[in-house]
Amino acid sequence: MDKIGFIKKDIYNLECSVNGKLRNHDVELVTEYFMAEQKKNEAFYFKIEGDGHDMFSRCFWADATSRRAYGFYGDVVVFDTTFNTNRYDLTFAPMLGVNNHGQTIVLACAFLSKETTESFVWMFEEFKKAMPGGEPKTIITDQDAAMAIAISIAFPTTFHRLCIWHITSKFSVKLPRDAYNEYWREFQKAIWDTDNKDEFDAKWNIVVTKAGLTDHPWLSSMFDLRESWVPAYARQFFAAGMSSSQRAEGSHGFFKQYISRRNSLMDFIIRFERALSHQREKELVADHVDAFEVAQCLLPMPMNKQMATLYTRTMFQKFEQELIESTACFLELKTEDACKVVFNVRERKNWETRVAEVVYVKDSDHASCSCQRFEFVGIICKHILALFRRDQIEYMPEKYILKRWKKTAKCGLVSDANGKEIKDCADPGLLIKRSTMSRLVSDVVEDALMSEEGCEVLSETLKSLQVKLKLLKDGPSNNEVGGSSSQTQYMKDPKRVRCKGRSKGVTGAKEKAMKRGIRHCRECGHIGHDRRQCPALNTP
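Heads up: these notes are all about the structure in this document. (Residues numbered from 1 in each chain as written. Predicted model: local features only at pLDDT ≥ 70, side-chain atom pairs only at ≥ 80, totals over all residues. Heavy atoms only, no water.)

Digging into a nonpolar patch on the surface
Phase 1: On the surface, Leu462, Leu465, Leu469 and Leu472 cluster together into a nonpolar patch covering about 410 Å² of accessible area.
Phase 2: By secondary structure assignment, the location of Leu462 is in helix α19 (residues 452-474).
Phase 3: Residue Leu462 is classed as partly exposed on the basis of its relative accessible area of 46%. (Patch = residues over 30% accessible without salt bridge, like charges linked within 9 Å, V, L, I, M, F, W, Y side chains within 5 Å. Areas by Shrake-Rupley, 256 points an atom, 1.4 Å probe, with all protein chains shown as cover. Salt bridge = Lys/Arg side-chain N within 4 Å of Asp/Glu carboxyl O. Helix = DSSP H or I, 4+ residues; strand = E, 2+ residues; numbered from the N terminus. Buried < 20%, exposed > 50% of the residue type's maximum accessible area, 1.4 Å probe, protein only.)

Next comes the structure, spelled out in structure tokens:
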């Protein structure tokens, strides 16, 4: 420690110095950074807009990796805004998805100065321009009126699902304390333990009547919105098994390890990209495991072995659990094609008997279940698996295997609206070339270090090579699109916002006196001096 030439205060002073030099150039740096990224890969998409007075108002961006990911996993989008991420108090609005490993991925990002319907519509329209494949099937958000209107305008065919966690967490606040303590468990059963709409409506009305809350305005409004959040109504729409936006909350917590309220826009984006690379590294590790390893099967059944080779490890574990639980359902099956499966569900300390209505027509290869797990999650449920076992169907029909859960989910070309292929930033061919060249350079450096002459030759050669590569990269002319910072008109930085948690500080006596205005001398009544400096008292 005694050999370190600086202390923590030196780092803080350097950071303040750098921030001072970059002040009023934040948007300029961000714009040039986005332009540089677009030059590296033309599939990088961004849009920056001002407020009409040449001041930054909002921006949207999505790189090639995110755009390609939407082509494979764009059926479900989770959208939630977060705060306290930058010094300008801009709202950070990431749009998230779920990959074939069940991991959270970033599809696009935006900064918004206002959370209005117009701002959200602008963002969603830019999202549609950037993303291949049209609108998502489902979008999950919290209860925000401006956001809901914007979704209905920009995504008219998308099912807008409200976060069930945000709604159920408000019961303790909206309901009277006594009613909540006595009837909350019954509300939970009505919400979570009903498989059809009529059953939910009946149970809800019974609980509301018993609690004497038939005229409660908030409960009435939630009942009117039941198609957007109650599982019995919303389970028919595919949502990759998600019923809340807590995945977004977890993502915010992850990214906030890298960013803070003090960050400028440029600093935020650099830190965010660093966090994003760590997140994507986990996806690459999971891809590697699935490419070279096959999950061990607990049940030695042909269908189980089949799905172990097709599904990613995470999804296979979910499927295998359904297959294991199908044994109990198999014992309850009747012989008809249309049948009811009786099964037990452990509800806290009580055992409750439930019935799943399963319809299966063998000739048409069609099966459906009242639990709607396949429609909601994309993995076949234990009740239908029990029917397959009864009819000795050893292999899963292709129609029940979603590509988005396969190991090969990311295979294939992804094209934008103009039919142009969106190529990933991390091209495997480039990675192989990089590895080969790195080994070659390492060997050359090791040989050069054996003598002083070798070091000089290598140094001169590298400098010459650097100049040639720069000319090759930039081209012979300087007529580049967009120009340099001296040629391009950039927008002004947004106004800085004082942190809400920041202390007001201590005001000194001199500062207090200045705030009170100019003081008069109490001896002579003139201004410009006080009693201690009064000429009348100091005259001999």
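That shown, we press on.
Describing the environment of Arg280
Phase 1: With respect to the helices, strands and loops of the structure, Arg280 is situated in helix α13 (residues 265-292).
Phase 2: Expressed as a C-alpha distance, the spacing of Arg280 and Ile105, which sit 175 residues apart in the sequence, is 7.8 Å.
Phase 3: If near-sequence neighbours (up to four positions away) are discounted, Arg280 is found in contact with Asp63, Thr65, Ser66 and Val106.
Phase 4: Of note is the side chain of Arg280, whose polar atom sits 2.9 Å from the side chain of Asp63. (Contact = heavy atoms within 4.5 Å. Polar contact = N/O pair within 3.5 Å; in protein donor to acceptor, adjacent residues only side chain to side chain.)

Topic: helix α2 (residues 26-40)
Because each turn of an α-helix spans 3.6 residues, side chains separated by three or four positions end up pointing in the same direction.
Phase 1: Compared with the 21 Å implied by 1.5 Å per residue over 15 residues, the 21 Å span of α2 between its first and last C-alpha is a close match.
Phase 2: Taken together, the buried positions of α2 are occupied by Asp26, Val27, Glu28, Val30, Thr31, Phe34 and Glu37. (Expected span 1.5 Å × (residues − 1).)

Quick notes on the pairing of strand β2 (residues 56-62)
Phase 1: Among the 7 residues in β2, 7 count as buried, and that is most of the element.
Phase 2: In this structure, strand β1 (residues 45-50) lies alongside β2, joined through 6 bridges in antiparallel fashion. Directly across from Lys47, in β2, lies its bridge partner Phe60.
Phase 3: Between β1 and β2, which follow one another and run antiparallel, lie 5 residues, and Gly52 among them has a positive phi close to 95°.
Phase 4: Summarising the sheet, β2 and strand β6 (residues 104-112) pair through 4 bridges and their orientation is antiparallel. Looking across to β6, one finds that Cys59 is bridged to Phe111. (Pairing = 2+ DSSP bridges.)

Details of the nonpolar core
Phase 1: Membership of the largest hydrophobic core comes to 61 residues, with the highest contact counts inside it found for Trp61, Phe111, Phe272, Tyr311, Phe319 and Met396.
Phase 2: Broken down by element, this core gets its largest block of residues, 7 residues, from α13.
Phase 3: Counting residues in each nonpolar core, the second largest holds 36 residues, with Tyr45, Ile105, Ile151 and Phe155 among its members. (Core = buried A, V, L, I, M, F, W, Y, C linked by side-chain atoms within 4.5 Å.)

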